[in-house]
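Commentary on secondary and tertiary structure
Given next are the chains, with one letter for each unit.
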Amino acid sequence: MNWQDLQVAAPEIIVLLMACGLLILDLFVSEQRRGLIHLVSLLILALAAIITLRGIPAIDAVTPVMAFGDTYVRDSMGDLLKVFAYLLMAMMLIYSRHYLRQFDMYRSEYYALALFALLGAMVLISAASMITIYLGLELMSLSLYAMVALKRDDKVATEAAMKYFILGSMASGMLLYGMSMIYGATGSLQIHEISQAIANQGSDNMILLLGLVFTVVALAFKFGLVPFHMWVPDVYQGAPAPVTLFISSVPKLAAFAMTIRLLQDSLGGLHGDWQGMLLMVGVLSIALGNLAALAQSNIKRMLAYSTIAHMGFVMLGLLSGTPEGYGASMFYVITYALMSAGAFGVVIFMSSKGIEADNLDDYKGLNQRNPWFAAMFALLLLSLAGVPVLVGFFAKWLVLQAVVNVGMTWLALVAVIFSVIGAFYYLRVIKLMYFDKADIETPISAPSDFRAVLTGNALLVLVLGIFSGPLIAACMAAF
Amino acid sequence: MLIQEIIFYAFSIIMIVAATLVISVRNPVYSVLYLILTFFSAAALWILLGAEFLAIILVLVYVGAVMVLFLFVLMMLNVDLSRVNEGFVKNLPLGLLVAAIMLAEILVVLWYKGRTGIEDFPIPEPLSADYSNTAEIGQRLFTQYLWPFELAGIVLLVAIVAAIALTMRKREGVKTQSIPKQVQADKRDRVKLIDMPVEGVEDK
Amino acid sequence: MLSEYWPVIIFLAISVGLGTALLVIGGLLGPSKPSVEKSSPYECGFEPFADARMKFDVRFYLVAILFIVFDLEIAFFIPWAVVMEDVGLTAFAAVVIFTLELAIGLAYLWKKGALEWE
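Owing to the predicted nature of the structure, the values given are computational and were not obtained by experimental measurement.

Each value, and the rule that gives it
Within each chain, residue numbers correspond to sequence positions counted from 1 in written order. For naming, the first written chain is A and the first written ligand is 1, with later ones following in the order written. Only residues with pLDDT of at least 70 are given local features in this predicted model, and only at 80 or more are side-chain atom pairs given and counted; all residues enter the totals for whole chains, interfaces and linings. Under the DSSP-based scheme used, a helix requires at least four consecutive residues in state H or I and a strand at least two consecutive residues in state E, with every element numbered from the N terminus. This radius of gyration counts C-alpha atoms alone. The globule rule is 2.2 Å times how many residues there are, raised to the power 0.38. Between the buried cut of 20 or more and the exposed cut of 12 or fewer other C-beta atoms within 10 Å of a residue's own C-beta lies the partly exposed class, and all C-beta atoms are placed from the backbone. By the convention adopted here, residues are in contact when the distance between their C-beta atoms, placed from the backbone, does not exceed 7 Å. Asp, Glu, Lys and Arg are counted as charged, while Ala, Val, Leu, Ile, Met, Phe, Trp, Tyr, Cys and Pro are counted as nonpolar; the rest, among them Gly, fall into the polar class. By convention in this section, buried Ala, Val, Leu, Ile, Met, Phe, Trp, Tyr and Cys residues joined through C-beta atoms within 7 Å make up a nonpolar core.

A word on the overall build of chain C
Counting its secondary structure elements, chain C contains three helices and zero strands. Counting from the amino terminus, chain C carries its helices and strands in the arrangement α-α-α. Against the compact-globule benchmark of 13 Å for 118 residues, chain C has a radius of gyration of 25 Å, which places it well outside the compact range. Across its three principal directions, the C-alpha atoms of chain C cover 70 × 50 × 15 Å. By the burial criterion, 18% of the 118 residues in chain C qualify as buried.

This is the structure:
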């Protein structure tokens, strides 16, 4: 460890220090002044964003920089993903404040655990060694399990936490098993040394291949891809809405980075082998996700199945194995996280007085009750469905282009067909909002910071769609 | 060498049998006890590999502490033994089918590739007599793996925060002794002097 | 190194052998005439009030978790203590930071009242 290592890992170190500081601060802040914790959390995120964007002053930051005995890597992909992780988390915190008060969850543990989960995601994004990948993953997952269970007296939330925990631990076990095999076959835990070893000894090693299988299974678990998707709908439904928002955004960015680090950076030599595996889970996810979402009457479950389908799309870009495909997938996962954050923001907005508005019927006639929010929600849903001009369309377009460029036109065709089927359930919600009569006609509103952020969130989807160039270029430049 | 092999096979067999029993006995408390036996055999195998420190940690932390937690949880849950195996027969065919498919897949991959990989792993050099596993771990952990080491500390911190958030409840109306309050007690808060006429004495 | 474990192996063998032998001999030679009264639970002569397997309070669990966390902390110190002189100041700093992380945890749980037994 030296001074330069600390500079390279400055974003993580700042978040770590500040999260610990927040824990201590909380001990001396009375219940009535909880708003202070909220503000400090937002400040931490802003500070982390500034430090991440500033880069490393001493070095030219374009090339990946390793630190801490090659267990940490700072590169442009990581920086971009981290900045969006801060943004998503800040949105989550602003969306959730009102909700937390009403649901008797306004406790400082929520903020501390969220910050630790973010730290885990950051570590995972910047991991250059199998050990760091595992520790980052566990740090993130453990905090998330606890966050899901924070509504302690709620049976459904506890059950969701239990399922999430058991299946998540299974996935971690699989990952460790795969990692140990890869270590056995290559003799190293460092990502670049593994890829070197594979280049030297060839890829027909059995142990290596089994290790790859377990790794892909673990990744599919974490992404929630078919056939490892069982936990997704239950957890999304059972978790408190702000936590669902969090699970559907930040961890997806981290899981994307983890996939790149594991499959591309270390096991890139086995591309031929993992391409088929990703193809299978990707196509199954797109098909089952979209079809099952049609049958849902609960909006959180519907959005959960939609997540599964979207993550299938992310796999399509990854399996192409080209820098273009990786860039497209990264663009997809970032924009998906933004859209999903907005959609769950509306779910949070609709929930009040201890009752979560998670039935589709609760959205009937939203246009009469709050036209502006109905319009914003419609915008987000159209983007999720992939309607042109909105950002969701460009994300799908780029991924499909990458797939076609490697000669898998049929795959692109299958994906398009299921997306068209999937568009139906997004449009159904829009129909409910605009053409059905509300059961309760009382207007609803939200605090001003909530309104501002949700509006910004939805308009971002529009703006990123119209001016998608810079973000696409940044994603493509990362590979 | 022969004695080492005998010990290796003895502990391996104990471990496999115990691990099988963990998932097959009816009573969860017995499962936990078999799990202890499994960990213990694993610790013996690790010592054979020269990983003394890890073996001791396995016994201390897992057998000594984690298993106690397991037993706590079992006592807290009050598992109804008669319902543990409900649905076992009903789900057996499906389970067997999935297991068979997975086994078949593994075998297909093994045959298809043909290379078991065992020849790729030559027998490692025997460790020298003064090899210390603890010192090796120390030398790596605090220099090369410093970043993961600090992260492990944070994972433990999250465990503390999560455990408090999820299990701690403040009870209302509990009578406890508060030493600071006792020390701060002042006569002005407790004793009240009231002027009263004394009986039997004449006012002058 | 392994030869140092001879006493442990011998100790294990003797204790396992002795334990098994005592159980087996006792089982073979001892008289066994169970009856309903003999095998029913005995509680100072009166009928037992309730099931012996009562529910545990969740607070025990909290204490156990906290014990494990600090148990692991100590476990991490041992390798450092062994090589303290070789690894130098960086390792010392690392251990101090690690300790501080858990000290924050300790301060947190103390102030939150997790150590109070109400």
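The rest of the description comes next.
Brief notes about helix α10 (residues 231-238) of chain A
Side chains that are three or four residues apart share a direction in an α-helix, a result of its 3.6 residues per turn. Residue and element names in this part refer to chain A. The element α10 is largely enclosed, with a buried count of seven among its eight residues. By the burial criterion, the buried members of α10 are Trp231, Val232, Pro233, Val235, Tyr236, Gln237 and Gly238. Residues of α10 that are buried sit in contact with α6 (130-148), α7 (155-186), α11 (241-247) and α14 (299-319).

Notes on the interface of chain C and chain B
Taken together, the contacts link 42 residues of chain C with 44 residues of chain B. Here the side of chain C that touches chain B gets 34 residues from one element, more than from any other, and that element is helix α3 (residues 58-112) of chain C. Among the residues forming the side of chain C that touches chain B, the class breakdown is 33 nonpolar, two polar and seven charged.

Comments concerning unusual backbone geometry
Backbone geometry follows two general trends: most residues other than glycine have a negative phi, and most peptide bonds adopt the trans configuration. All names here are of chain A. Cis geometry marks the peptide bond from Val226 to Pro227, where omega comes out at 5 degrees. Tracing the sequence through the fold places Pro227 in the loop between α9 (206-223) and α10. In this model, Phe68 sits at a positive phi of 50 degrees, which is unusual for a non-glycine residue. Summarising the element assignment, Phe68 is placed in the loop between β1 (65-67) and β2 (72-74). Phi at Val389 takes a positive value of approximately 80 degrees, unusual for a residue other than glycine. Along the chain, Val389 turns up in the loop between α17 (371-385) and α18 (391-405).

A word on the nonpolar core
Membership of the largest hydrophobic core comes to 246 residues, with the highest contact counts inside it found for A:Val148 and A:Leu253. Beyond its immediate chain neighbours, meaning those up to four positions away, A:Val148 contacts A:Ala157, A:Ala160, A:Ala161, A:Tyr164, A:Val235, A:Ala239 and A:Val243.

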